[in-house]
Amino acid sequence: SGQIDRLYIGEKEVWVVDFKSNQAPPATIPAAYIRQLALYRLLLQHIYPKKHIRCALLWTATAKLHEIAESQLDEWRGSSYV
């Protein structure tokens with residue numbers, strides 16, 4: 001829906017967490033989820049240019065937090081999809 005589920009704004013970093021309700025973590029993270037977080041990160045970098053933006057998925061079925069590597073998020077930078 002294009003809405004951030006949880007946002008934490010700290011002194012030096014910002015965390016954006018997207019909940020995946022009633023889902024267990026898949027073997028590989030779908031590209032659509034990474035693309036969504038990459039877009040959130042891009043927007044937040046403009047709002048908080050001096051803070052480190054960290055992105056994660058929270059799988060509610062297992063309560064597992066999975067941080068997405070910056071390298072994975074960077075793959076979408078410059079893409080026509082972001």
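Above: the structure in question.
Residues numbered from 1 in each chain as written. Predicted model: local features only at pLDDT ≥ 70, side-chain atom pairs only at ≥ 80, totals over all residues. Heavy atoms only, no water.

## What about the sheet that holds strand E3 (residues 52–59)?
Strand order in this open sheet of 4 strands is E1-E2-E3-E4, and the pairing throughout is mixed. A strand with exactly one partner marks an edge of an open sheet, and here the two such strands are strand E1 (6–9) and strand E4 (64–67). Strand-to-strand twist of the sheet, defined as the mean angle between neighbouring strand axes without regard to direction, takes the value 25°. Direction of pairing for strand E2 (residues 13–20) relative to E3: parallel, over a ladder of 8 bridges. Residue pairing across strands places Asp-18 opposite Leu-57, the latter belonging to E3. Running at roughly 150° to E3, helix H1 (residues 31–47) makes contact with E1, E2 and E3 of the sheet. (Pairing = 2+ DSSP bridges. Helix = DSSP H or I, 4+ residues; strand = E, 2+ residues; numbered from the N terminus. Axes fitted to C-alpha atoms, helices over the stretch in contact; angles between N-to-C directions. Contact = heavy atoms within 4.5 Å.)

## Topic: the nonpolar core
The tendency in soluble globular proteins is for nonpolar side chains to be buried as a group. If you look at the biggest cluster of nonpolar residues, it comprises 16 residues, and the most contacted ones within it are Ile-29, Leu-37, Leu-57, Ile-68 and Leu-73. For this core, the elements supplying multiple residues, two or more each, are E2, H1 and E3. Other than its neighbours up to four places away in sequence, Ile-29 contacts Ile-34, Leu-57, Trp-59, His-66 and Ile-68. (Core = buried A, V, L, I, M, F, W, Y, C linked by side-chain atoms within 4.5 Å. Buried < 20%, exposed > 50% of the residue type's maximum accessible area, 1.4 Å probe, protein only.)

## Considering the side chain of Arg-41
With respect to the helices and strands, the residue Arg-41 is situated in helix H1. Arg-41 sits in the buried class, given a relative accessible area of 4%. Not counting the four nearest positions on each side in its chain, Arg-41 is found in contact with Ile-53, Cys-55, Glu-70, Leu-73, Asp-74 and Arg-77.

## Describing the environment of Pro-26
Along the polypeptide, Pro-26 turns up in the loop between E2 and H1. Considering only alpha carbons, one finds Pro-26 and Arg-54, 28 residues apart in sequence, at a separation of 20 Å.

Just geometry here; none of it tells us what the structure is for.
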